[in-house]
Amino acid sequence: MTGEKRGISASAQRAREILSQNGNRITLIGALLVWMASFLIYRFLFTGIGLFATLFYLDTGLWNFLLTGGYLVLSLLYTRLVVIPLFYGVMLVAHGMSRGESVPLAEIFLPFAQKKSYRRAVRLADGFLWRALVAVILGDVVCVAVKASLRSAFLAFVICFLFVVGEIFLCMVIGRRYFRTLPVAMEYPDAPGRVIRQKTKMMHMLRPWSPFLYWLYFIPRILLGIATLGIYLVAEALPVMTVTYFCECNKTLDLIKRLEEHKDHE
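Everything numeric in this text was worked out from a predicted model, so none of it was measured.

Caption draft 1: Summary view of the nonpolar core. Counting residues in each nonpolar core, the largest one holds 47 residues, and the members touching the most others are L28, V90, M97, M186, Y214, V243 and Y245. Among the elements that line this core, the one with the most residues is helix α11 (residues 231-265), at 12 residues. Non-local contacts of M186, meaning those with residues more than four positions away in its chain, are made with Y88, M91, L92, H95 and F246.

Caption draft 2: Fine view of the pattern of salt bridges. Per the counting criterion, the structure on display carries 9 salt bridges. For the salt bridge of R207 with E248, the shortest nitrogen-to-oxygen distance reads 2.6 Å. With R207 in the loop between α9 (193-206) and α10 (210-227) and E248 in helix α11, this residue pair connects regions lying 41 residues apart in the sequence. For the residue pair R207 and E248, the accessibility class agrees, reading buried in each case. Residues participating in the shared-partner salt-bridge network are R99, E187, D254 and K257.

Caption draft 3: Structural context of the packing of helix α6 (residues 115-149) against helix α7 (residues 153-175). Where α6 contacts α7, the axes come no closer than 10 Å and their chain directions differ by 160°. One finds that α6 runs roughly antiparallel with respect to α7. Between α6 and α7 lies a crossing of right-handed hand. Two secondary-structure elements touch here, α6 through A135, L138, G139, V142, C143, V146 and K147 and α7 through A156, I159, C160, F163, E167 and C171. For the contact of α6 with α7, the per-class residue count stands at 10 nonpolar, 1 polar and 2 charged.

Criteria and cut-off values
- Residues numbered from 1 in each chain as written.
- Predicted model: local features only at pLDDT ≥ 70, side-chain atom pairs only at ≥ 80, totals over all residues.
- Heavy atoms only, no water.
- Core = buried A, V, L, I, M, F, W, Y, C linked by side-chain atoms within 4.5 Å.
- Buried < 20%, exposed > 50% of the residue type's maximum accessible area, 1.4 Å probe, protein only.
- Helix = DSSP H or I, 4+ residues; strand = E, 2+ residues; numbered from the N terminus.
- Contact = heavy atoms within 4.5 Å.
- Salt bridge = Lys/Arg side-chain N within 4 Å of Asp/Glu carboxyl O.
- Axes fitted to C-alpha atoms, helices over the stretch in contact; angles between N-to-C directions.
- Parallel < 35°, antiparallel > 145°, perpendicular 65-115°, else oblique.
- Left-handed = near helix turned anticlockwise from the far one by under 90°.
- Nonpolar A, V, L, I, M, F, W, Y, C, P; charged D, E, K, R; others polar.

Here it is, written out as C-alpha coordinates:
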(Lines give C-alpha, C1' and ligand atoms only; values in the text may rest on other atoms or scores of the structure.)
Protein backbone atom coordinates (compact mmCIF):
# COMPACT_ATOMS: atom_id res chain seq x y z
CA MET A 1 0.00 0.00 0.00
CA THR A 2 2.82 2.39 0.91
CA GLY A 3 4.56 1.57 -2.34
CA GLU A 4 1.44 2.50 -4.30
CA LYS A 5 1.16 5.79 -2.41
CA ARG A 6 4.73 6.52 -3.40
CA GLY A 7 3.68 5.56 -6.92
CA ILE A 8 0.91 8.17 -6.97
CA SER A 9 3.26 10.78 -5.53
CA ALA A 10 5.89 9.88 -8.11
CA SER A 11 3.33 10.19 -10.91
CA ALA A 12 2.23 13.58 -9.58
CA GLN A 13 5.86 14.75 -9.46
CA ARG A 14 6.35 13.53 -13.03
CA ALA A 15 3.18 15.41 -14.03
CA ARG A 16 4.56 18.64 -12.55
CA GLU A 17 7.78 18.17 -14.50
CA ILE A 18 5.79 17.65 -17.72
CA LEU A 19 3.70 20.75 -17.05
CA SER A 20 6.83 22.84 -16.57
CA GLN A 21 8.00 22.05 -20.13
CA ASN A 22 7.04 23.53 -23.52
CA GLY A 23 4.35 25.78 -22.06
CA ASN A 24 2.30 22.67 -21.22
CA ARG A 25 0.75 24.18 -18.09
CA ILE A 26 -0.61 27.21 -19.95
CA THR A 27 -1.88 24.98 -22.77
CA LEU A 28 -3.70 22.66 -20.38
CA ILE A 29 -5.12 25.53 -18.33
CA GLY A 30 -6.41 27.04 -21.57
CA ALA A 31 -8.01 23.72 -22.55
CA LEU A 32 -9.69 23.44 -19.14
CA LEU A 33 -11.00 27.01 -19.36
CA VAL A 34 -12.45 26.35 -22.83
CA TRP A 35 -14.22 23.27 -21.46
CA MET A 36 -15.51 25.14 -18.42
CA ALA A 37 -16.79 27.94 -20.64
CA SER A 38 -19.09 25.40 -22.30
CA PHE A 39 -20.98 25.18 -18.97
CA LEU A 40 -22.35 28.69 -19.57
CA ILE A 41 -24.76 27.26 -22.14
CA TYR A 42 -26.69 25.54 -19.32
CA ARG A 43 -27.30 28.93 -17.72
CA PHE A 44 -28.22 30.61 -21.01
CA LEU A 45 -30.61 27.77 -21.84
CA PHE A 46 -32.24 27.89 -18.40
CA THR A 47 -32.59 31.68 -18.54
CA GLY A 48 -33.98 31.55 -22.07
CA ILE A 49 -36.63 28.96 -21.22
CA GLY A 50 -37.56 30.88 -18.05
CA LEU A 51 -37.92 34.11 -19.99
CA PHE A 52 -40.03 32.37 -22.64
CA ALA A 53 -42.29 30.88 -19.96
CA THR A 54 -42.71 34.26 -18.24
CA LEU A 55 -43.49 36.17 -21.43
CA PHE A 56 -46.18 33.72 -22.49
CA TYR A 57 -47.47 32.96 -18.96
CA LEU A 58 -46.34 29.32 -19.16
CA ASP A 59 -44.56 29.22 -15.77
CA THR A 60 -47.32 27.35 -13.91
CA GLY A 61 -49.02 23.98 -14.01
CA LEU A 62 -48.53 21.53 -16.84
CA TRP A 63 -46.62 23.97 -19.04
CA ASN A 64 -44.06 24.55 -16.30
CA PHE A 65 -43.59 20.78 -15.97
CA LEU A 66 -43.18 20.35 -19.73
CA LEU A 67 -40.71 23.23 -20.03
CA THR A 68 -38.68 21.88 -17.11
CA GLY A 69 -38.64 18.44 -18.73
CA GLY A 70 -37.63 20.02 -22.04
CA TYR A 71 -34.75 21.84 -20.33
CA LEU A 72 -33.53 18.59 -18.78
CA VAL A 73 -33.69 16.75 -22.12
CA LEU A 74 -31.85 19.53 -23.96
CA SER A 75 -29.25 19.67 -21.19
CA LEU A 76 -28.62 15.92 -21.43
CA LEU A 77 -28.28 16.11 -25.21
CA TYR A 78 -25.91 19.06 -24.95
CA THR A 79 -23.86 17.21 -22.33
CA ARG A 80 -23.69 14.07 -24.47
CA LEU A 81 -22.97 15.76 -27.80
CA VAL A 82 -20.82 18.73 -26.78
CA VAL A 83 -19.58 18.86 -23.16
CA ILE A 84 -18.25 15.31 -22.86
CA PRO A 85 -16.62 15.24 -26.34
CA LEU A 86 -14.97 18.55 -25.38
CA PHE A 87 -13.79 16.95 -22.13
CA TYR A 88 -12.46 14.06 -24.22
CA GLY A 89 -10.44 16.67 -26.12
CA VAL A 90 -9.02 18.05 -22.85
CA MET A 91 -7.96 14.56 -21.89
CA LEU A 92 -6.38 14.04 -25.33
CA VAL A 93 -4.22 17.07 -24.58
CA ALA A 94 -3.21 15.65 -21.18
CA HIS A 95 -2.61 12.19 -22.67
CA GLY A 96 -0.28 13.59 -25.33
CA MET A 97 1.66 15.53 -22.71
CA SER A 98 2.05 12.43 -20.54
CA ARG A 99 3.63 10.67 -23.53
CA GLY A 100 6.12 13.50 -24.03
CA GLU A 101 4.40 15.02 -27.07
CA SER A 102 4.16 18.71 -27.85
CA VAL A 103 0.39 19.19 -27.94
CA PRO A 104 -1.29 22.36 -29.28
CA LEU A 105 -4.38 23.82 -27.64
CA ALA A 106 -6.36 23.07 -30.82
CA GLU A 107 -6.14 19.36 -29.93
CA ILE A 108 -9.13 19.93 -27.64
CA PHE A 109 -11.35 20.21 -30.73
CA LEU A 110 -10.04 17.00 -32.33
CA PRO A 111 -13.16 14.96 -31.41
CA PHE A 112 -15.27 17.39 -33.44
CA ALA A 113 -12.90 17.21 -36.41
CA GLN A 114 -12.63 13.40 -36.61
CA LYS A 115 -15.74 11.24 -36.80
CA LYS A 116 -13.98 8.27 -35.20
CA SER A 117 -12.84 10.27 -32.18
CA TYR A 118 -16.26 11.88 -31.83
CA ARG A 119 -18.09 8.54 -31.94
CA ARG A 120 -15.75 7.10 -29.34
CA ALA A 121 -16.25 10.12 -27.06
CA VAL A 122 -20.04 9.87 -27.39
CA ARG A 123 -20.01 6.11 -26.69
CA LEU A 124 -17.96 6.71 -23.55
CA ALA A 125 -20.39 9.48 -22.62
CA ASP A 126 -23.36 7.11 -22.88
CA GLY A 127 -21.88 4.76 -20.29
CA PHE A 128 -21.21 7.63 -17.92
CA LEU A 129 -24.44 9.56 -18.38
CA TRP A 130 -26.98 6.88 -17.57
CA ARG A 131 -25.10 5.92 -14.40
CA ALA A 132 -24.81 9.57 -13.33
CA LEU A 133 -28.51 10.12 -14.11
CA VAL A 134 -29.57 7.17 -11.96
CA ALA A 135 -27.38 8.40 -9.08
CA VAL A 136 -28.76 11.95 -9.29
CA ILE A 137 -32.40 10.83 -9.46
CA LEU A 138 -31.91 8.44 -6.54
CA GLY A 139 -30.24 11.17 -4.48
CA ASP A 140 -33.02 13.65 -5.25
CA VAL A 141 -35.77 11.17 -4.36
CA VAL A 142 -34.16 10.23 -1.04
CA CYS A 143 -33.46 13.86 -0.08
CA VAL A 144 -37.01 14.97 -0.92
CA ALA A 145 -38.40 12.07 1.14
CA VAL A 146 -36.12 12.91 4.10
CA LYS A 147 -37.05 16.62 4.04
CA ALA A 148 -40.75 15.76 3.88
CA SER A 149 -40.59 13.33 6.80
CA LEU A 150 -38.41 15.36 9.21
CA ARG A 151 -39.26 18.65 10.88
CA SER A 152 -35.64 19.52 11.69
CA ALA A 153 -34.02 21.16 8.66
CA PHE A 154 -30.55 20.65 10.14
CA LEU A 155 -31.09 16.92 10.73
CA ALA A 156 -32.50 16.54 7.22
CA PHE A 157 -29.42 18.31 5.80
CA VAL A 158 -27.05 16.03 7.75
CA ILE A 159 -28.85 12.87 6.59
CA CYS A 160 -28.94 14.05 2.97
CA PHE A 161 -25.27 15.01 3.10
CA LEU A 162 -24.26 11.63 4.51
CA PHE A 163 -26.39 9.85 1.91
CA VAL A 164 -24.79 11.80 -0.95
CA VAL A 165 -21.28 11.11 0.40
CA GLY A 166 -22.14 7.40 0.72
CA GLU A 167 -23.57 7.40 -2.79
CA ILE A 168 -20.40 8.97 -4.18
CA PHE A 169 -18.27 6.39 -2.36
CA LEU A 170 -20.43 3.57 -3.70
CA CYS A 171 -20.12 4.95 -7.24
CA MET A 172 -16.34 5.02 -6.81
CA VAL A 173 -16.33 1.38 -5.67
CA ILE A 174 -18.49 0.27 -8.58
CA GLY A 175 -16.79 2.52 -11.12
CA ARG A 176 -13.19 1.64 -10.26
CA ARG A 177 -13.31 -1.11 -12.90
CA TYR A 178 -13.84 1.57 -15.55
CA PHE A 179 -11.31 4.04 -14.11
CA ARG A 180 -8.73 3.28 -16.82
CA THR A 181 -11.06 3.04 -19.82
CA LEU A 182 -10.14 6.50 -21.10
CA PRO A 183 -6.36 6.03 -21.37
CA VAL A 184 -6.85 2.60 -22.95
CA ALA A 185 -9.24 4.06 -25.53
CA MET A 186 -6.73 6.81 -26.34
CA GLU A 187 -3.75 4.47 -26.44
CA TYR A 188 -5.58 2.14 -28.86
CA PRO A 189 -7.71 4.51 -30.97
CA ASP A 190 -8.45 1.90 -33.64
CA ALA A 191 -9.21 -0.98 -31.28
CA PRO A 192 -12.80 -2.29 -31.03
CA GLY A 193 -14.74 -2.01 -27.79
CA ARG A 194 -14.07 -5.66 -26.93
CA VAL A 195 -10.31 -5.07 -26.89
CA ILE A 196 -10.71 -1.88 -24.83
CA ARG A 197 -12.76 -3.75 -22.23
CA GLN A 198 -10.26 -6.63 -22.15
CA LYS A 199 -7.24 -4.40 -21.57
CA THR A 200 -9.13 -2.30 -19.01
CA LYS A 201 -9.94 -5.50 -17.12
CA MET A 202 -6.27 -6.55 -17.20
CA MET A 203 -5.21 -3.19 -15.77
CA HIS A 204 -7.82 -3.45 -13.04
CA MET A 205 -6.58 -6.92 -12.07
CA LEU A 206 -3.00 -5.69 -11.81
CA ARG A 207 -3.83 -2.71 -9.56
CA PRO A 208 -7.43 -2.91 -8.35
CA TRP A 209 -7.20 -0.27 -5.62
CA SER A 210 -5.08 2.41 -7.27
CA PRO A 211 -8.19 4.49 -8.22
CA PHE A 212 -8.88 5.03 -4.50
CA LEU A 213 -5.29 6.04 -3.84
CA TYR A 214 -5.51 8.48 -6.74
CA TRP A 215 -8.66 10.11 -5.33
CA LEU A 216 -7.28 10.13 -1.78
CA TYR A 217 -4.26 12.03 -3.08
CA PHE A 218 -6.24 14.65 -5.00
CA ILE A 219 -9.47 15.19 -3.01
CA PRO A 220 -7.72 17.42 -0.41
CA ARG A 221 -6.20 19.45 -3.26
CA ILE A 222 -9.59 19.79 -4.93
CA LEU A 223 -11.10 21.05 -1.67
CA LEU A 224 -8.22 23.51 -1.29
CA GLY A 225 -8.84 24.65 -4.86
CA ILE A 226 -12.50 25.30 -4.07
CA ALA A 227 -11.50 27.18 -0.90
CA THR A 228 -9.28 29.49 -2.99
CA LEU A 229 -12.26 30.41 -5.20
CA GLY A 230 -11.01 28.13 -7.96
CA ILE A 231 -7.64 29.82 -8.49
CA TYR A 232 -5.52 26.95 -7.15
CA LEU A 233 -7.97 24.49 -8.69
CA VAL A 234 -7.46 25.75 -12.25
CA ALA A 235 -3.81 26.76 -11.96
CA GLU A 236 -2.49 23.69 -10.15
CA ALA A 237 -4.87 20.98 -8.94
CA LEU A 238 -6.72 20.13 -12.18
CA PRO A 239 -3.70 20.31 -14.55
CA VAL A 240 -1.61 18.11 -12.24
CA MET A 241 -4.57 15.81 -11.64
CA THR A 242 -5.25 15.17 -15.34
CA VAL A 243 -1.62 14.55 -16.31
CA THR A 244 -1.03 12.41 -13.19
CA TYR A 245 -4.01 10.27 -14.20
CA PHE A 246 -2.34 9.38 -17.47
CA CYS A 247 1.16 9.06 -15.99
CA GLU A 248 -0.20 6.56 -13.47
CA CYS A 249 -2.24 4.60 -16.01
CA ASN A 250 0.62 4.62 -18.51
CA LYS A 251 2.76 2.65 -16.07
CA THR A 252 0.24 -0.17 -16.01
CA LEU A 253 -0.33 0.06 -19.78
CA ASP A 254 3.39 -0.15 -20.47
CA LEU A 255 3.63 -3.16 -18.15
CA ILE A 256 0.86 -4.90 -20.09
CA LYS A 257 2.63 -4.15 -23.37
CA ARG A 258 5.87 -5.67 -22.04
CA LEU A 259 4.02 -8.76 -20.82
CA GLU A 260 2.35 -9.15 -24.22
CA GLU A 261 5.68 -8.76 -26.03
CA HIS A 262 7.30 -11.31 -23.74
CA LYS A 263 4.43 -13.72 -24.37
CA ASP A 264 4.77 -13.27 -28.13
CA HIS A 265 8.51 -14.05 -27.98
CA GLU A 266 7.94 -17.34 -26.14
